[in-house]
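Next come the chains, spelled out residue by residue.
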Amino acid sequence: MATRPEHSAPPEIFYGETEAVKYTASTRVTSIQAEMTERALEIMNLPGPSFLLDIGCGSGLSGEILDENEHIWVGLDISSAMLDVALERESEGDLFLQDIGQGMAFRPGSFDGAVSISVIQWLCNADATTHEPRARLKRFFTTLYMALRRGARAVFQFYPEGPHQIDLITTAAHRAGFTGGVVVDYPNSSKARKYYLCLFAGSENVPLPAARTDPLADGMDVDGAPAAVGAGQVRHVERGRQRVLKGKGRAKGLTTAKTRRERILHKKALSRLRGKEGIPLDSKRTGKKRKDRF
Amino acid sequence: MRYFSLSATRVNTERLLTHNMLQCHVKNCRPNESFPLTIKDPELERTEAEFNPDFMRGLVPKLDWTALRKTAGALGLGDLPAEMPEATDEFLQMLHALVLETRVVSGSMVCDVCHHVFPITNGIPNMLLQADEV
C-alpha cells in the first residue's frame, strides 16, 4: 500500500517549499484537483457567483476553478510554502495562514458555501501532543457551521484511510449540527473512486446528490478493467446530534447499570459507540475483582 | 477615496470584505466586543475586480456596516454615512471598490479585548494560535 502523506509529517512540514512547487507543477495533480473542484461545485449547486470558503486551499489549484466560475473566495491553509506558491500564481482569493483544527474566526453567516479538496483526512492525525483529533474535528465543524449561511452547503472531497475515518469525520460533522453524508463517486473503480462529504447547514431532509457511477462514460481514463455500472453507493446518515451529558448533568440515576460489571460494560459500549479504539473485549471476567491474595 | 499605493501588483491579499467577516478566535476572548479587529500600520493596495451587481446585492445584508464604517474611517478611506444607504447601483459600485478592490498588503490586526496580534505578511494574515489559546 502506498504511504499516506499524513503518516510521514505534519501538513506544514510535508508541504514544504520543494513539495509545494512539485505538487503545483504536476499536471496530473492539477487536472485531478480541477476535476474534483468542478464536481464539488456541481454538488453545491450554487445559484450564481457566491462568497465561498476554500478550506485547505494550498497553492490555489481549486481556487482557480472558483475564479473561473466567478466566485469570490477566501482560502485557508496551514502550509506557508503552499500559500507562497499561491501568491505567485495570482489567483483572486484572499489567503489565510490557519490551522483549521484550531477553528475558524469568521462571523456567523458569512459564507454561501465551503469547498475543501483532499484536506480533512489530515485532521484525523495527531501531530502534536496537544492534538486530539476528535476535539480538533469538533472545533473545526462547529466554527464552520457558524461561519456558513443557513441553507449553505459544504462539500469536502477527502481520502479516508478506512471506514473508521469516515465515521469519525461524519460523526463530528453531525454533532456540530450539519445534515448530509458521504457520496462515493465511481464506487466500483479503485482508481477513480472519490469520496465527497456533503454537508448542509441548517436545512433538514435535503436529499444527497446522486453519485456518479461509470468513469468511462464520464470520459475518464481508467486503466484496468472497465468499471461495472451499479447503483452509486450513498450513505445517508440521519442528523445524529445526540445529547451527551457531561459533568454535573450526568446524574447517577440516568444509567440503569447497577452492578460494577454493568457499569463497566455500559462505559465500554459507549466508548465503542464514540469510535474510540483499543477497547478491550468483553468476557465473563469483565468487571470481576481479583482475589486479594498475591 | 485615498489609497496608500495604487499599484495592482499583487492579488491574493486580504480584502476589506474578508476583514469585515473576521473576528478574534482566541480562547475565552469576547469576539462580539472585539469586532472588528483593528488594523495597525496598514499598507493598502487597490486591485481591479469585476463588478457584479447581483453578488453585491447578496452581500449587502451580510456586511456589518458599523464595523465597515469604523475600519474605513481608521484607514483613511473616507467617511461613510452612519446608516447604510439604499442599495442603488451607485452605492453598490462604491461598496464594490471599498470591500472588493481594497486589499491590505501588510500590517497587523489586533484584537482590542485580548490584545492578540495577527500579523499580515505578504498580504497573508497569520491566524495560527498557540496551543494554550485554543
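Residues numbered from 1 in each chain as written. Chains lettered and ligands numbered in written order. Predicted model: local features only at pLDDT ≥ 70, side-chain atom pairs only at ≥ 80, totals over all residues. Heavy atoms only, no water.

1. A closer look at the interface of chain B and chain A
The interface of chain B with chain A comprises 32 residues on the first partner and 35 residues on the second. Across the interface of chain B and chain A, roughly 2900 Å² is buried in total on both sides, 57% from carbon and sulfur atoms. Where chain B meets chain A, there are three salt bridges. A salt bridge links A:Asp94 to B:Arg15; its shortest N-O distance comes to 2.6 Å. Summed over the shared surface of chain B and chain A, the result is 15 residue pairs in polar contact (both at pLDDT 80 or more). Counting residues per element, the ones that place at least two in the side of chain B that touches chain A are β1 (14-15), α1 (16-21) and β5 (124-125) of chain B. (Contact = heavy atoms within 4.5 Å. Buried area = accessible area lost by both parts, 1.4 Å probe. Salt bridge = Lys/Arg side-chain N within 4 Å of Asp/Glu carboxyl O. Polar contact = N/O pair within 3.5 Å; in protein donor to acceptor, adjacent residues only side chain to side chain. Helix = DSSP H or I, 4+ residues; strand = E, 2+ residues; numbered from the N terminus.)

2. A word on helix α9 (residues 260-273) of chain A
With 14 residues, α9(A) should cover 20 Å at 1.5 Å per step; its first-to-last C-alpha distance of 20 Å lies within 8% of that length. One or two steps after α9(A), the chain reaches A:Gly275, where phi turns positive at roughly 80°. (Expected span 1.5 Å × (residues − 1).)

3. Some remarks on helix α6 (residues 80-89) of chain A
Among all positions of α6(A), only A:Ala81, A:Met82, A:Leu83, A:Val85, A:Ala86 and A:Leu87 are buried. On its buried face, α6(A) is in contact with α3 (17-25), β2 (72-77) and β3 (94-97) of chain A together with β5 of chain B. After α6(A) finishes, the residue A:Glu90 shows a positive phi value of roughly 55°. (Buried < 20%, exposed > 50% of the residue type's maximum accessible area, 1.4 Å probe, protein only.)

4. Regarding the confidence of the model for chain A
Residues and elements named next belong to chain A. Within chain A, residue pLDDT values average 84, and 85% of them lie at 70 or more. Note that pLDDT drops below 50 for residues 222-233; the model gives that stretch 27 contacts with residues more than four away or on any other chain. Scored below 50 in pLDDT, residues 235-251 makes 26 contacts in the model with residues more than four places away or belonging to other chains. (pLDDT = per-residue confidence, 0-100.)

5. Some thoughts on the packing of helix α4 (residues 27-44) of chain A against helix α5 (residues 61-68) of chain A
All names here are of chain A. Across the interface, α4 lies against α5 with an axial gap of 8 Å and an inter-helix angle of 50°. By the angle class used here, α4 and α5 are oblique. As for how α4 packs across α5, the hand of that crossing is right-handed. Contacts between α4 and α5 involve Val29, Thr30, Gln33, Ala34, Thr37, Glu38 and Leu41 from the first element and Leu61, Ser62, Ile65, Leu66 and Glu68 from the second. Here the contact of α4 with α5 is composed, by residue class, of six nonpolar, four polar and two charged. (Axes fitted to C-alpha atoms, helices over the stretch in contact; angles between N-to-C directions. Parallel < 35°, antiparallel > 145°, perpendicular 65-115°, else oblique. Left-handed = near helix turned anticlockwise from the far one by under 90°. Nonpolar A, V, L, I, M, F, W, Y, C, P; charged D, E, K, R; others polar.)

6. Details of the pattern of salt bridges
Applying the stated rule across the entire model yields 18 salt bridges over all chains. The partner of A:Arg272 in a salt bridge is A:Asp282, with the nearest N and O atoms 3.5 Å apart. Taken together, the residues A:Arg272 in helix α9 and A:Asp282 in the segment after α9 connect sequence positions ten residues apart. Judged by relative accessible area, A:Asp282 falls into the partly exposed class, the value being 40%. A salt bridge links B:Glu33 to B:Arg30, with the shortest nitrogen-to-oxygen separation between them at 2.9 Å. Judged by relative accessible area, B:Glu33 falls into the exposed class, the value being 53%.

7. Some details on unusual backbone geometry
In this chain, B:Phe35 is followed by B:Pro36 through a cis amide linkage whose omega measures -5°. Of note, B:Pro36 is situated in the loop between α2 (31-34) and β2 (38-46). Despite not being glycine, A:Ser118 has its phi angle at roughly 50°, a positive value. Within the secondary structure, A:Ser118 is located in the loop between β4 (111-117) and α7 (133-147).

8. Considerations on the pairing of strand β4 (residues 117-121) of chain B
Residues and elements named next belong to chain B. Residues Phe118 and Ile120 point to one face of β4 and are all buried, whereas Val117, Pro119 and Thr121, pointing to the other face, are not buried. Pairing of strand β3 (residues 102-110) with β4 involves four bridges; the strand directions are antiparallel. Across the sheet, residue glycine 107 finds its bridge partner in β4, namely isoleucine 120. Between β3 and β4, which follow one another and run antiparallel, lie six residues, and histidine 115 among them has a positive phi close to 60°. Hairpin connection, β4 to β5: the antiparallel pair is bridged by two residues, and asparagine 122 has positive phi, about 55°. (Pairing = 2+ DSSP bridges.)

9. Quick notes on the packing of aromatic side chains
Residue and element names in this part refer to chain A. Under the defined criterion, the tally for this structure stands at 14 aromatic pairs over all chains. With 6.0 Å between their ring centres and 50° between their planes, phenylalanine 14 and tryptophan 122 make a pair best called tilted. In this pair, phenylalanine 14 sits in helix α2 (residues 11-14) while tryptophan 122 sits in the loop between β4 and α7, placing the two residues 108 residues apart along the sequence. Tryptophan 122 gets classed as buried once you look at its relative accessible area, which sits at 9%. Ring geometry for phenylalanine 96 against phenylalanine 106: centres 6.0 Å apart, planes inclined by 85°, an arrangement best described as edge-to-face. Placement of the pair is phenylalanine 96 in strand β3 and phenylalanine 106 in the loop between β3 and β4, with a sequence separation of ten residues. Judged on exposure class, the residue phenylalanine 96 and its partner phenylalanine 106 are both buried. Ring-pair connections join several aromatic residues into one group, and the members of that group are Phe140, Phe141, Tyr145, Phe156 and Phe178. Over the aromatic face of tyrosine 196 sits the side chain of arginine 39, whose NZ or CZ is 5.9 Å from the ring centroid. Just above the ring of tyrosine 145 sits the side chain of arginine 150; from NZ or CZ to the centre is 4.5 Å. (Phe/Tyr/Trp six-rings, centres within 6.5 Å; stacked < 30°, edge-to-face > 60°. Lys NZ or Arg CZ within 6 Å of the ring centre and 35° of its normal.)

10. A closer look at the UniProt feature "domain: Methyltransferase type" (unreviewed entry) in chain A
Under the local residue numbering, the UniProt record ascribes the feature "domain: Methyltransferase type" (unreviewed entry) to residues 53-151 of chain A. Along residues 53-151 of chain A, the helical share is 33% and the strand share 24%, with 15 Å between the first and last C-alpha atoms. (UniProt positions renumbered as here; feature names shortened; annotations may be inferred.)

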